[in-house]
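Observations on the three-dimensional arrangement
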Amino acid sequence: MKRILLALVGTVAGLAALLSFKTHSGLTGGAALPAASLPSSAPSSTSGGASAPSSSAPPKPGQSSAAKTIAGQAIQTRYGVVQVQIVVSGQKIQNASFLQLTADDPRSAEINSQAGPILLQQTLSAQSSQIDGVSGATYTSDGYLQSLQSALDQAGIK
């Protein structure tokens with residue numbers, strides 16, 4: 001009798017724990033992160049190595065150099081695709097955003113949603129690709145750095 005009661009209590013406790021588990025929705029693209037609107041020339045596929053041609057925004061009155069929007073290479077990482085877009089004016093990075101930040105599983109999506117904003121902020125603070133990356137998001141950080149560096153190379157920023 002005691003065994004049956006113990007098995008029943010264990011089953012109920014396990015079921016309660018299972019039902020209270022919260023799942024995370026997958027991040028497909030930069031939807032949950034700051035992202036600029038896609039330029040019409042941006043690639044729609046997730047093929048690694050593809051890069052979009054840069055496009056220029058119209059110059060503002062009194063501005064010596066026009067702001068340019070440049071897409072970095074789409075980098076296929078072990079857990080998804082990472083592609084960065086930057087807006088530069090002269091040698092200054094005005095903004096950084098994700099064109100693609102996909103995840104192949106819910107855990108990767110959770111990591112990307114936390115690491116993405118940190119990587120973008122580090123880029124704006126450093127004004128280069130010399131950033132620390134995010135601990136625990138090694139693949140995302142490496143893919144981000146590769147895509148960012150390709151965008152900076154296109155912009156002529158070291």
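Starting from 1, residues in each chain are numbered consecutively following that chain's sequence as written. pLDDT decides what is reported in this predicted model: residues at 70 or higher carry local features, side-chain atom pairs at 80 or more are listed and counted, and totals for whole chains, interfaces and linings draw on all residues regardless. Note that the side-chain values use all heavy atoms of the structure and ignore hydrogens as well as water.

1. Here's the deal with the side chain of S108
Along the chain, S108 falls in helix α2 (residues 106–126). In this structure S108 touches Y79 and A103, once residues within four positions along its chain are discounted. A run of H or I in DSSP becomes a helix once it reaches four residues, and a run of E becomes a strand once it reaches two; helices and strands are each numbered from the N terminus. By the convention used here, residues are in contact when the closest approach between their heavy atoms is within 4.5 Å.

2. Some points on the confidence of the model for the protein
pLDDT: the predictor's confidence for each residue, scored from 0 to 100. Chain-level pLDDT for the protein is 77 on average; 72% of the residues reach the 70-or-more range. Contacts from residues 24–63, a stretch scored under 50 in pLDDT, to residues over four places away or in other chains number 67 contacts.

3. Some thoughts on the packing of aromatic side chains
By convention, a stacked pair of Phe, Tyr or Trp rings (six-membered ring in the case of Trp) has centres within 6.5 Å and planes under 30 degrees apart, an edge-to-face pair has planes over 60 apart, and any other such pair is tilted. Applying the stated criterion across every chain yields a total of two aromatic pairs. Taken together, a centroid distance of 5.3 Å and an interplanar angle of 75° make the contact between Y79 and Y139 edge-to-face. With Y79 in the loop between β3 (75–77) and β4 (80–89) and Y139 in helix α3 (residues 138–155), this residue pair connects regions lying 60 residues apart in the sequence. Since its relative accessible area comes to 38%, Y139 is described here as partly exposed. Whether a residue is buried, partly exposed or exposed follows from its accessible area with a 1.4 Å probe, protein chains only, as a fraction of its type maximum: under 20%, in between, or over 50%, in that order.

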